[in-house]
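Analysis of the macromolecular model
Residues per chain are reported as follows:
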Amino acid sequence: MNKRWSKEVRGLLQKKKRKESNRFIVEGRKNIEELLRSNLTVECLFYTEKLNDVIDRYANKKIEILQETTPELLKQNGHLQTNDSGLAVVQIPKFSLPTKKELGNVSLALDNVKDPGNLGTILRIADWYNIKNIFLSKECTDVFAPKVVASTMGAFSRINIHIVDLVDQLSNYKAEGIKILGADMIGTNIHNYKDDAKSIVIMGSESHGISEDVENILNEKITIPRFGDAESLNVAIATAIICDNLARN
């Protein structure tokens, strides 16, 4: 990894540079393997001998720059301090907003979710339950930040991510007959909820919940019944519980 690319990669640790260049970084064996399996555009891949078998397996993947490097340089220039396999520079994908027909039975929307680990875990949960579309408010943390990407365990390569004005976009879907659900402390018990239409479930921030302007467009609130004394649930855990119940119902 020469000086020019070291500077480029370190720059992509910052949101401003990612936005300006429309690129992000992917690190570690698992995420790079998932990346090479996807249709995302890989500009550069810096790798050590520990990634040779993966590179051989996906030899037909078009990569503009493929360059061997050392674990020390990966650690110096990337986000992960335990990365001894590879680092890729990838173009940020842009997805068209899905039509009502293109939406699955359940989609997710995140309102002002700030914690990178939670955001990455929610993408991983969505991937597990085959939820293909996630709508993010503009106040959410950057979904292509290194910590978010690392915590998705490859899900970033399979989820269509849409950064939108939630009120405007979800209002449009609501007008087309999509049910807009909001996770809340008070609402229909998710254990008893029966889904009779395509729906988008909104998860709010842990500290403030769903914002007032988004709450005003809900068709219905749903809740996870509480049996103990805990004040609240982590938003990623709550998302998993809701997705599991919707999948079964």
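Residues numbered from 1 in each chain as written. Predicted model: local features only at pLDDT ≥ 70, side-chain atom pairs only at ≥ 80, totals over all residues. Heavy atoms only, no water.

1. Overview of a negative patch on the surface
On the surface, Glu139, Asp165, Asp168, Glu212 and Asp213 cluster together into a patch of negative charge. Looking at the element boundaries, Asp213 is found in helix α9 (residues 212-215). Accessibility expressed as a relative area gives 44% for Asp213, which makes it partly exposed. (Patch = residues over 30% accessible without salt bridge, like charges linked within 9 Å, V, L, I, M, F, W, Y side chains within 5 Å. Areas by Shrake-Rupley, 256 points an atom, 1.4 Å probe, with all protein chains shown as cover. Salt bridge = Lys/Arg side-chain N within 4 Å of Asp/Glu carboxyl O. Lys, Arg positive; Asp, Glu negative; His and termini not counted. Charge placed at Lys NZ, Arg CZ, Asp CG, Glu CD. Helix = DSSP H or I, 4+ residues; strand = E, 2+ residues; numbered from the N terminus. Buried < 20%, exposed > 50% of the residue type's maximum accessible area, 1.4 Å probe, protein only.)

2. Overview of the pattern of salt bridges
In this structure the tally under the stated criterion is 15 salt bridges. The residue Glu34 makes a salt bridge to Arg158 at a minimum N-O spacing of 2.6 Å. Here Glu34 is found in helix α3 (residues 29-37), whereas its partner Arg158 is found in the loop between α7 (146-151) and β7 (160-164), with 124 residues between them in sequence. Using a relative accessible area of 30% as the deciding quantity, one classes Arg158 as partly exposed. Residues Lys50 and Asp84 are paired through a salt bridge, measuring 2.8 Å at the closest nitrogen-oxygen approach. On the criterion of sequence distance, the pair formed by Lys50 in the loop between β2 (42-47) and α4 (52-57) and Asp84 in the loop between α5 (71-77) and β4 (86-91) is long-range, its members being 34 residues apart. The exposure class of Asp84 is partly exposed, given its relative accessible area of 29%.

3. Things to note about the sheet that holds β7
The strand order β7-β6-β5-β9-β8-β10 describes an open sheet built from six strands, whose pairing is parallel. Strands at the two margins of the open sheet, each flanked by one partner only, are β7 and β10 (220-223). The sheet shows a mean angle of 35 degrees between the axes of neighbouring strands, direction not considered. Of the strand pairs in this sheet, strand β8 (residues 179-189) and strand β9 (residues 199-204) are connected by four bridges, and their pairing is parallel. What sits directly across from Ile180, in β9, is Ile200. Contacting β5 (106-111), β8, β9 and β10, helix α10 (residues 235-248) runs over the sheet at an angle of about 160 degrees to β9. (Pairing = 2+ DSSP bridges. Axes fitted to C-alpha atoms, helices over the stretch in contact; angles between N-to-C directions. Contact = heavy atoms within 4.5 Å.)

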